[in-house]
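What follows is the residue order along each chain.
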Amino acid sequence: MEELGLPARIQACLFDMDGVITKTAVVHAAAWKQAFDEFLEKRYGAGFTPFDSEHDYNEYVDGKPRADGVRSFLESRDIRLPEGSPEDSGEQETVQGLGNRKNALLLEKIRTTGVEAYPSTLRYVRAARQRGIRTAVVSSSVNCRAILQSVQAEDLFDVRVDGLIAAERGLAGKPHPDTFLAAADELGVKASASAVFEDALAGMDAGRSGHFGYVVGLDRVGQADALRAHGADIVVPDLGDLADLGGQT
């Protein structure tokens, strides 16, 4: 498996979507910022401290299920909101309502700007499949399937474990390893023979705590040291770079 830059023991590749397969991480960050800034300005007035699209996004919400991201960021500001229900409107000041507001903003941004895939990732996935490696997409997004379909990538994955499936099965989201473990199990491959591909710190934590065979960190925003600290075995800026390493791991 030298041409893939992976240890020989790896039999399955488990890919996060946002920031790994698709260029949607920046759209998520923008939607989170708008939702949180609207909420904070309403609560504190014009002098509020805005949501930071780099630090706050990477530290509190990136890679996590939507409601967990809301709770995590609000806790960082010592704010407590009622949980609410999944049917809450985006105008309601609840955890679920704020999460729904973010999702509405995200979908609108996707409609107006579209979605792009990372061509190097799609090439890497195809190369892995050609070598008999099983593939799965593991995402906290409830929009995972629609986004994959929009970039014609759904058929590149044998298994999909996303936000909808996690909710149906009661799987804990990242930083817990449950969704990655479920994907490996569906593929019929042990975690120790599976590689995790992630760009989020929560995803690194999931890879480490799940005792996966190899954890690849994609550094899209200049956080290589943090990715390593959270469990990455190797950090590359792009999957094309991992393939170019030729197994020098």
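Each residue is numbered by its place in its chain's sequence as written, counting from 1. Residues qualify for local features only when their pLDDT is at least 70, as the model is predicted, and side-chain atom pairs are given and counted only at 80 or more; totals for whole chains, interfaces and linings, by contrast, use all residues. Hydrogens and water molecules were not included; the side-chain quantities draw on all heavy atoms of the structure.

Turning our eyes to something else, we now look at the environment of Tyr124. A helix here means a DSSP run of H or I that spans at least four residues, while a strand means a run of E at least two residues long, and both kinds are numbered starting from the N terminus. Within the secondary structure, Tyr124 sits in helix α5 (residues 119–130). Each residue is placed in one exposure class: buried if its accessible area under a 1.4 Å probe, protein chains only, is under 20% of its type's maximum, exposed if it is over 50%, and partly exposed if it falls in between. Residue classification places Tyr124 among the buried positions, given a relative accessible area of 3%. Tyr124 sits 106 residues away from His230 along the chain, and the two C-alpha atoms are 24 Å apart. Should any heavy atoms of two residues lie within 4.5 Å, those residues are considered in contact. Once residues lying within four places of it in the same chain are set aside, the contact partners of Tyr124 are Leu4, Leu6, Phe15, Phe197, Leu239, Leu242 and Ala243.

Let us now look at the nonpolar core. Definition of nonpolar core: a set of buried residues of the types Ala, Val, Leu, Ile, Met, Phe, Trp, Tyr and Cys, connected through side-chain atoms within 4.5 Å. Formed by 58 residues in total, the largest nonpolar core has its most connected members in Leu6, Phe15, Phe197 and Val216. Looking at this core, the element that brings in the most residues is helix α1 (residues 25–44), giving 9 residues. Residues within four places of Phe197 in sequence aside, it is in contact with Leu6, Cys13, Leu14, Phe15, Asp16, Val20, Tyr124, Val216, Leu239 and Leu242.

Pairs of cysteine sulfur atoms within 2.5 Å are identified as disulfides in what follows. As enumerated under the stated definition, the model contains 0 disulfides in all. Between Cys13, a free cysteine, and Cys144, which holds the nearest cysteine sulfur, the sulfur-to-sulfur gap is 16 Å.

Turning our attention to the pairing of strand β1 (residues 12–15). Residues Ala12 and Leu14 point to one face of β1 and Cys13 and Phe15 to the other, with burial holding for every one of them. Strands were regarded as paired on the criterion that DSSP finds at least two bridges between them. Note: β1 against strand β4 (residues 194–198), 4 bridges, orientation parallel. What sits directly across from Leu14, in β4, is Val196.

Attention now moves to the packing of aromatic side chains. Pairs were defined over the aromatic rings of Phe, Tyr and Trp, the Trp ring being its six-membered one, requiring ring centres within 6.5 Å. Orientation was assigned from the angle between planes: stacked under 30 degrees, edge-to-face over 60, tilted for the rest. By the definition in use, this model includes 10 aromatic pairs. Note on Phe51 and Phe73: the rings are 5.0 Å apart at their centroids and 75° apart in plane angle, and the pair reads as edge-to-face. Placement of the pair is Phe51 in the loop between α1 and α2 (55–61) and Phe73 in helix α3 (residues 66–76), with a sequence separation of 22 residues. In this pair, the class of Phe51 matches that of Phe73, namely buried.

Okay, the side chain of Asp219 next. Relative to the helices and strands, Asp219 is located in the loop between β5 (214–218) and α10 (224–229). Within polar-contact distance, the side chain of Asp219 engages the backbone nitrogen of Gly222 at 2.9 Å. Here the side chain of Asp219 touches Ala224 through a polar contact of 3.4 Å, landing on its backbone nitrogen. Excluding residues that lie within four positions of it along the chain, Asp219 makes contacts with Ala224, Leu227, Val235, Val236 and Pro237. Any pair of nitrogen or oxygen atoms within 3.5 Å is treated as a polar contact; in protein, a donor-acceptor pairing is required on top of that, and neighbouring residues in sequence qualify only through side-chain atoms on both sides.

As a further point, take helix α4 (residues 95–113). Multiplying one less than the number of residues by 1.5 Å gives the expected span of a helix. With 19 residues, α4 extends 27 Å from end C-alpha to end C-alpha; this agrees with the ideal 27 Å at 1.5 Å per step. Listed in full, the buried residues belonging to α4 are Val95, Gln96, Gly97, Leu98, Gly99, Asn100, Lys102, Asn103, Leu105, Leu106 and Ile110. Note on α4: the residue one or two positions beyond its end, Gly114, has a positive phi of about 80°.

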